[in-house]
Amino acid sequence: MSDAPDPVRVLVVEDHALLADSLMVALSAEGYEVTRPAALDAGSVLELVRSFDPHVVLLDLYLDDEDTALPMIGPLRDLGASVVIGDRRAGPDRIGGVR
């Protein structure tokens, strides 16, 4: 029996394939268990959260260059995931509005 802790599960929700792949490779190399949804709509993401049960969701706020991810934050947190938001247009007022 191994005394090694279970790896931290990370869900990457990012619409730029190169960035998503890079995050997944880097996190996997550090021992994290990483996956990403096949589709980036809210239903697919929430379904994967229910089955994968991630500890952390790395969420691109601007999926398809719109605020499409914003409505996902509450349901993700309701399912017990910690959400880390990536926002290339972020400023203090923008991030403050997500609290």
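The preceding data block contains the structure.
Residues numbered from 1 in each chain as written. Predicted model: local features only at pLDDT ≥ 70, side-chain atom pairs only at ≥ 80, totals over all residues. Heavy atoms only, no water.

For the rest of this paragraph, the subject is the environment of Pro-37. Take Pro-37: it is sitting in the loop between β2 (33-35) and α2 (42-52). Since its relative accessible area comes to 8%, Pro-37 is described here as buried. Distance in space between the C-alpha atoms of Pro-37 and Val-12 is 7.6 Å, their sequence separation being 25 residues. Setting aside residues no more than four positions away along its own chain, Pro-37 makes contact with Leu-11, Val-12, Val-13, Val-45 and Leu-48. (Helix = DSSP H or I, 4+ residues; strand = E, 2+ residues; numbered from the N terminus. Buried < 20%, exposed > 50% of the residue type's maximum accessible area, 1.4 Å probe, protein only. Contact = heavy atoms within 4.5 Å.)

We now examine the environment of Asp-87. The residue Asp-87 is located in the loop between β4 (82-86) and α4 (92-96) in this model. Taking relative accessible area as the criterion, Asp-87 reaches 12% and is therefore assigned buried. In the structure, Asp-87 is positioned 28 residues away from Leu-59 in sequence and 8.7 Å away in space, judged by C-alpha atoms.

On to the sheet that holds β2. Pairing is parallel across the open sheet formed by 4 strands, whose spatial order is β2-β1-β3-β4. Each edge of the open sheet carries a strand with a single partner, namely β2 and β4. Neighbour-to-neighbour, the strand axes of the sheet open up by a mean angle of 20 degrees, direction not taken into account. Bridge analysis of strand β1 (residues 9-13) against β2 gives 3 bridges, and the strand direction is parallel. Within β2, the position partnered with Val-10 by the bridge is Val-34. Those strands touched by helix α1 (residues 17-29) are β1, β2 and β3 (56-60), and its axis lies near 170 degrees from that of β1. (Pairing = 2+ DSSP bridges. Axes fitted to C-alpha atoms, helices over the stretch in contact; angles between N-to-C directions.)

In this section: the pattern of salt bridges. Overall, the coordinates contain 2 salt bridges when judged by the stated rule. For Arg-9, the salt bridge goes to Asp-53, with nearest N and O atoms at 3.4 Å. Here Arg-9 is found in strand β1, whereas its partner Asp-53 is found in the loop between α2 and β3, with 44 residues between them in sequence. Residue class for Arg-9 comes out buried when judged on its relative accessible area of 18%. Residue class for Asp-53 comes out partly exposed when judged on its relative accessible area of 42%. Ionic pairing is found between Arg-36 and Asp-21, a salt bridge with its closest N-O pair at 2.6 Å. Residue Arg-36 is located in the loop between β2 and α2, and its partner Asp-21 is located in helix α1; the two are separated by 15 residues in the primary sequence. Classification of Asp-21 by relative accessible area gives partly exposed; the value is 39%. (Salt bridge = Lys/Arg side-chain N within 4 Å of Asp/Glu carboxyl O.)

The end-to-end C-alpha separation of α1 is 18 Å, in line with the 18 Å expected for 13 residues at 1.5 Å each. Taken as a whole, α1 has its buried residues at Ala-20, Met-24 and Leu-27. Burial along α1 is one-sided: seen end-on, the buried residues are contained in an arc of 75 degrees. α1 presents Leu-18, Val-25 and Ala-29 as exposed residues on the side facing more than 90 degrees away from its buried surface. Along its buried surface, α1 packs onto β1, β2 and β3. Downstream of α1 by one or two residues, Gly-31 has phi in the positive range, about 100 degrees. (Expected span 1.5 Å × (residues − 1). Arc of directions from axis to C-beta.)

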